[in-house]
Amino acid sequence: MALLDLISTELPADYKNPLGMLHRTHTGITQHLDLALAALDLIEQSGPTDESRRALRTVHAYFAHDVRLHQQDEEQDFFPRLIRTSLKIAERVHKLKQQHQELNRLWQDLAQSLARPETITDFPPIAAQLKQFATLKREHLDYEEREFLQTAQHLLSTEQLQQLGDSMHERRKSAPR
């Protein structure tokens, strides 16, 4: 099996179901984390290969574009709508924003290496950073899924969900690839 078989084909966007799109991006993130860790396993077993380098570049591209837009969806549109619903939700959103900051810091440490994996000469430190990032990112996604996506369906009105979907659509129309 080729490493890139670990990620599924992108489904068409459904802006009428913005919570479904957020969930789908969480699934895509998880698949790309799996891809990155599988590439590391291949590198540990066989050394760097064209396939492992291609996998790491794919992960970088996904996080640099899709995950960046996803985080903007959450912080600029989704979270502000949720914050208005209760103090308890506002506290949880604050925790998520702190996690985003930490994950962004960790990502910045990795991004250049993953964009140009042929320049990596010492894989163990990169592998350790990537494993730490993957662990924290999975914990973060689990928290979002458990605490927000299920709850948001009941907290946000049909109009708010439509506005969220419209904002997500506009963001992607104007975002360079």
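Presented here is an overview of the structure given in this document. Small disclaimer: the values here were computed from a predicted structure and weren't measured.

### Details of the overall build of the protein
- A tally of helices and strands in the protein yields 5 helices and 0 strands.
- Secondary structure of the protein in N-to-C order comes out as α-α-α-α-α.
- If you line up the protein on its principal axes, its C-alpha atoms span 50 × 30 × 25 Å.
- Residues classed as buried in the protein amount to 44% of the 177 residues present.
- Considering only intrachain contacts with a sequence separation of at least 6, the fraction spanning at least 24 residues in the protein is 80%.
- Accessible surface for the protein amounts to roughly 9,600 Å². Of this, 49% is attributable to carbon and sulfur atoms.
- When the 22 basic and 26 acidic side-chain charges of the protein are each reduced to a single mean position, those positions are 3 Å apart.

### Describing the packing of aromatic side chains
- Under the definition given, this model contains 7 aromatic pairs.
- On the basis of an interplanar angle of 80° and a centroid distance of 6.2 Å, the ring pair of Tyr-62 and Phe-63 is categorised as edge-to-face. The same class applies to Tyr-62 as to Phe-63, namely buried.
- With centroids separated by 5.0 Å and ring planes inclined at 25°, the aromatic side chains of Phe-63 and Trp-107 adopt a geometry described as stacked. Placement of the pair is Phe-63 in helix 2 (residues 50-83) and Trp-107 in helix 3 (residues 87-115), with a sequence separation of 44 residues. For the pair Phe-63 and Trp-107, a shared accessibility class is recorded, and that class is buried.
- One aromatic cluster is present, built from ring pairs that chain together Tyr-62, Phe-63, Trp-107 and Phe-133.
- The positively charged end of Lys-95 is found above the aromatic ring belonging to Tyr-143, 4.3 Å away from the centroid.

### Some points on helix 3
- Look at helix 3: 40 Å from first C-alpha to last across 29 residues, which is about the 42 Å you get at 1.5 Å a residue.
- Buried positions along helix 3 lie against helix 2 and helix 4 (123-155).

### Some details on the packing of helix 2 against helix 4
- The interhelical angle for the contact between helix 2 and helix 4, taken along N-to-C directions, is 35°, at an axis separation of 13 Å. Classified by chirality, the crossing of helix 4 by helix 2 is left-handed. Along its contact with helix 2, which presents Leu-56, Phe-63, Val-67, His-70, Glu-74, Phe-78, Phe-79 and Leu-82, the element helix 4 presents Phe-123, Leu-130, Phe-133, Lys-137, Glu-144, Phe-148, Leu-149, Ala-152 and Leu-155.
- Taken together, the residues that form the contact of helix 2 with helix 4 break down as 13 nonpolar, 1 polar and 3 charged.

### Regarding the pattern of salt bridges
- This model, assessed by the stated rule, comprises 14 salt bridges.
- Through salt bridges with shared partners, one network takes in Asp-73, Asp-77, Arg-81, Arg-171 and Arg-172.

### Focus: the nonpolar core
- With 31 residues, the main nonpolar core has Leu-56, Phe-63, Leu-130 and Phe-133 as its most contacted residues.
- If you list the elements that add at least two residues to this core, you get helix 1 (18-46), helix 2, helix 3 and helix 4.
- With 9 residues, helix 1 is the single largest residue contributor to this core.
- Dropping the residues within four chain positions of it, Leu-56 is found in contact with Ala-36, Ala-39, Ile-43, Leu-114, Pro-117, Phe-123 and Leu-130.
- In this structure, Leu-19, Leu-22, Phe-148 and Leu-149 belong to the second largest nonpolar core, which totals 17 residues.

Scoring rules and cut-offs
Each chain has its residues counted from 1, following the order in which its sequence is written. In view of the model being predicted, local features appear only for residues whose pLDDT reaches at least 70, and side-chain atom pairs are presented and counted only at 80 or more, with totals across whole chains, interfaces and linings using the full set of residues. Hydrogens and water are ignored here; the side-chain numbers use all heavy atoms of the structure. Comment: elements are numbered from the N terminus, with helices defined as DSSP H or I runs of at least four residues and strands as E runs of at least two. For each residue, the accessible area found with a 1.4 Å probe, counting protein chains only, is set against the maximum for its type, and the residue is called buried under 20%, exposed over 50%, and partly exposed in between. Residue contacts follow a heavy-atom distance rule, with two residues in contact if any of their heavy atoms lie within 4.5 Å. Note on areas: these come from Shrake-Rupley sampling with a 1.4 Å probe, and a residue is covered only by the protein chains present in the view. Asp and Glu count as negative and Lys and Arg as positive, but His and the ends of the chain are not part of the count. Here the site of a charge means atom NZ of a Lys, CZ of an Arg, CG of an Asp or CD of a Glu. Here the aromatic set is Phe, Tyr and Trp, taking the six-membered ring for Trp, and pairing holds for ring centres within 6.5 Å; pairs whose planes are under 30 degrees apart are stacked, those over 60 apart are edge-to-face, and all others are tilted. Either the NZ atom of lysine or the CZ atom of arginine qualifies as a charge over a ring when it sits within 6 Å of the ring centre and within 35 degrees of the ring normal. Here a helix's expected span is defined as the number of its residues, less one, multiplied by 1.5 Å. Note on geometry: axes are C-alpha line fits, over the in-contact stretch for helices, and angles between N-to-C directions span 0 to 180 degrees. Crossing handedness: left-handed means the near helix sits turned counterclockwise from the far one by under a right angle, and right-handed means the same turn made clockwise. Gly counts as polar in this scheme, as do all residues outside two lists: the nonpolar Ala, Val, Leu, Ile, Met, Phe, Trp, Tyr, Cys and Pro, and the charged Asp, Glu, Lys and Arg. In what follows, salt bridge is the name for a side-chain nitrogen of Lys or Arg lying within 4 Å of a carboxyl oxygen of Asp or Glu. Buried Ala, Val, Leu, Ile, Met, Phe, Trp, Tyr and Cys residues form a nonpolar core when they are joined through side-chain atoms within 4.5 Å.

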